[in-house]
Amino acid sequence: PSANQVQSAPLAPATADGTMTPFDLLPSTHVTGPTSPSNIAISPSGNHAVVTWQYGERVTSYTRNSQDGRLTLVGSWATANSTLWGAREAVFSPDGNFVYVPAEYDDALNVFAISSSGVLSFRQVVNEASLGNTDLDGIRGIAISPDGSHLYATSRQGKTLTVFSIDALSGQLTLIQTLRNGIDGVTSLTVPSEPIISPDGTAVMVPSANGFDSLFF
């Protein structure tokens, strides 16, 4: 996406040879002030999309036409205490009922429920105030286990990989473990990026920009 627009295209290749043709441009007129769309996430069902706005401090949800991929705005959500500054991505839970949005500049991890019609409802924010520590300082990326039971978050300033359990009914997070660079034998978590989980859920891989390594847990 460009600085102030969201461009959508079908998830399936438009032609037999795999090439794609952009066909729909959604202006950001529904977002006021600074915007900068940073990520588009598609629900597991393919029926909804969520866009994060890095400097707009909000997320917007859309319904998605399963036939041609076109998006229709459902609504926009901004948290009352501004916990979405630096929102870089949105990640759906495997069942599609919840959306998790890390905000790098607010050191926060936001939890939303999403209805069958695409309406977002704020459920929880996990941040330095609620945790009482700096585990999420500069939170950079998140990943959810294939079974939806755990969420893994990396933080660049904190130099951490933080593990949360996920409540299946509410989607809310509970801290269960933090791995920090230089403690308990953990090395090369100097500038951790997006965590990646193996398809079977048994390994978490974290690339680290300054350590020139990937860590395996």
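Small disclaimer: the values here were computed from a predicted structure and weren't measured.

J.: What is the right way to read the environment of Gly 75 from this model?
T.: With respect to the helices and strands, the residue Gly 75 is situated in strand E6 (residues 71–77). By relative accessible area, which is 22% here, Gly 75 ends up partly exposed. The spatial distance from the C-alpha of Gly 75 to the C-alpha of Val 119 is 6.7 Å, given a sequence separation of 44 residues. Those residues in contact with Gly 75, other than ones at most four positions away along the chain, are Val 59, Thr 60 and Ser 61.

J.: I would appreciate a short explanation of the pairing of strand E13 (residues 160–166) in the present structure.
T.: Looking along a regular strand, one sees side chains alternate from face to face of the sheet. Counting buried residues in E13 gives 6 out of 7 residues, a clear majority hidden from the surface. Pairing geometry for strand E12 (residues 150–155) and E13, over 6 bridges, is antiparallel. Across the sheet, residue Tyr 152 finds its bridge partner in E13, namely Val 163. Between E12 and E13, which pair antiparallel and follow one another directly, the connecting turn spans 4 residues, one of which, Lys 159, has a positive phi of 55°. The pairing of E13 with strand E14 (residues 173–180) spans 7 bridges and is classified as antiparallel. Residue pairing for E14: Val 163 is matched across the bridge by Gln 177. Hairpin remark: E13 followed by E14, antiparallel, with 6 residues in the connecting loop; positive phi at Gly 171, about 80°.

J.: Any chance you could explain the packing of aromatic side chains here in plain terms?
T.: Geometrically, a pair of aromatic rings is defined through the distance of the ring centres and the angle of the planes. Tallied over the full model, the rule gives 5 aromatic pairs. Judged by centre distance (5.1 Å) and plane angle (65°), the rings of Trp 85 and Tyr 105 are edge-to-face. Highlighted residues: Trp 85 in the loop between E6 and strand E7 (91–92) and Tyr 105 in the loop between strand E8 (98–103) and strand E9 (108–114), separated in sequence by 20 residues. For Tyr 105, a relative accessible area of 31% corresponds to the partly exposed category. Arranged with centres 5.6 Å apart and planes meeting at 70°, the rings of Phe 112 and Phe 122 form a pair that is edge-to-face. Of the two residues, Phe 112 sits in strand E9 while Phe 122 sits in strand E10 (residues 120–127), which places them 10 residues apart along the sequence. Of the residues examined, Phe 112 reaches a relative accessible area of 0% and is grouped as buried. What makes Phe 122 partly exposed here is its relative accessible area of 31%. Counting every residue linked through ring pairs, the aromatic cluster contains Tyr 55, Trp 85 and Tyr 105.

How each quantity is defined
Residues numbered from 1 in each chain as written. Predicted model: local features only at pLDDT ≥ 70, side-chain atom pairs only at ≥ 80, totals over all residues. Heavy atoms only, no water. Helix = DSSP H or I, 4+ residues; strand = E, 2+ residues; numbered from the N terminus. Buried < 20%, exposed > 50% of the residue type's maximum accessible area, 1.4 Å probe, protein only. Contact = heavy atoms within 4.5 Å. Pairing = 2+ DSSP bridges. Phe/Tyr/Trp six-rings, centres within 6.5 Å; stacked < 30°, edge-to-face > 60°.

Without other data, these values stay purely geometric and don't point to any function.
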